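# Chain and residue survey
Each chain is listed here by its residues.
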Amino acid sequence: MNILLWLTSEVTKQLLAVAEEKSKQMSLSSNIAIVDNGGNLIAFHRMEHARIAGIDISINKAWTSVSMQQPTANLTQAAQPGGPSFGINTTNNGRIVILGGGIPLVSNGTIVGGIGVSGGTSTQDTEIANAVVRAFEKMNKKSRNSVIHTRFGYTPYYI
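## With respect to the overall build of the chain
Summing up its helical and strand segments, the chain has five helices and seven strands in all. Order of helices (α) and strands (β) in the chain, N terminus to C terminus: β-α-β-β-α-α-β-β-α-α-β-β. Out of the 159 residues in the chain, the part that is buried amounts to 45%. A total of about 8400 Å² of accessible surface is found on the chain, and carbon and sulfur atoms cover 51% of it.

## Examining helix 1 (residues 9–25)
For helix 1, with 17 residues, the first-to-last C-alpha span of 24 Å sits near the 24 Å given by 1.5 Å per residue. Restricting attention to buried positions, one finds in helix 1 the residues Val11, Thr12, Leu15, Leu16, Ala19, Lys22 and Ser23. Looking straight down helix 1, one finds that the buried residues subtend no more than 140 degrees of arc, so they occupy a single side. Of the exposed residues in helix 1, the ones pointing more than 90 degrees away from its buried face are Lys13 and Gln25. Just downstream of helix 1 lies Ser27, where phi reads positive at about 60 degrees.

## Some points on the environment of Ala53
If you trace the backbone, Ala53 turns up in helix 2 (residues 53–67). Note: C-alpha distance between Ala53 and Ser118 (65 residues apart in sequence) is 8.8 Å.

## Comments concerning the pairing of strand 3 (residues 41–46)
Across five bridges, the pairing between strand 2 (residues 31–36) and strand 3 is antiparallel. Looking across to strand 3, one finds that Asn31 is bridged to Arg46. Between strand 2 and strand 3, which pair antiparallel one after the other, the connecting turn spans four residues, and Gly39 there sits at a positive phi close to 85 degrees.

## Some words on the nonpolar core
Formed by 23 residues in total, the largest nonpolar core has its most connected members in Leu15, Ile34, Leu105, Ile115 and Phe136. Residue assignment for this core shows that the elements contributing at least two residues are helix 1, strand 2, strand 4 (102–107), strand 5 (110–118) and helix 4 (122–142). Broken down by element, this core gets its largest block of residues, seven residues, from helix 4. Counting six residues, the second largest nonpolar core, distinct from the first, contains Trp63, Leu75, Ala79 and Ile96.

## Considerations on the sheet that holds strand 3
In space, the four strands of this open sheet follow the order 3-2-5-4, with antiparallel pairing throughout. This sheet does not close on itself; its edge strands, each paired only once, are strand 3 and strand 4. Averaged over all neighbouring strand pairs, the angle between strand axes comes to 15 degrees, with direction disregarded. In the sheet, strand 2 pairs with strand 5 via six bridges, with the strands oriented antiparallel. Along strand 5, the bridge assignment pairs Asn31 with Ser118.

The rules behind these values
Residues numbered from 1 in each chain as written. Predicted model: local features only at pLDDT ≥ 70, side-chain atom pairs only at ≥ 80, totals over all residues. Heavy atoms only, no water. Helix = DSSP H or I, 4+ residues; strand = E, 2+ residues; numbered from the N terminus. Buried < 20%, exposed > 50% of the residue type's maximum accessible area, 1.4 Å probe, protein only. Areas by Shrake-Rupley, 256 points an atom, 1.4 Å probe, with all protein chains shown as cover. Expected span 1.5 Å × (residues − 1). Arc of directions from axis to C-beta. Pairing = 2+ DSSP bridges. Core = buried A, V, L, I, M, F, W, Y, C linked by side-chain atoms within 4.5 Å. Axes fitted to C-alpha atoms, helices over the stretch in contact; angles between N-to-C directions.

As structure tokens, this is what we get:
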């Protein structure tokens, strides 16, 4: 039987707020995306004055982190000319992003989603995404039942 894990809307709202607060502390206007374990967008926030191009970039950073099962910053070096993954960013209809700022959200060793941030440099976006990961880990430790759900068919069960 397949088990589907997903983030609750309450948690995603809290994670968006963490990212927005960190962005403000850094004097940035960011696009912030959260995807589920299938890479599907479940939450998005565009801060005032955030670049329009950053909408797709943040969503694709989150998607890349889940689909590649690693932070997007890990792909940067390997995707350079002569690297073992050169050209990977041209696959999946150009959806793979090799810029920092996308990080998987992990619960109990399982990827349950991903965060993607676009608004500053790759280093700044990664710093904001890391703040979200730390907040998620704290929430997950405090109350796993309110963070992650397991669904068999249409009936939710808490893990």
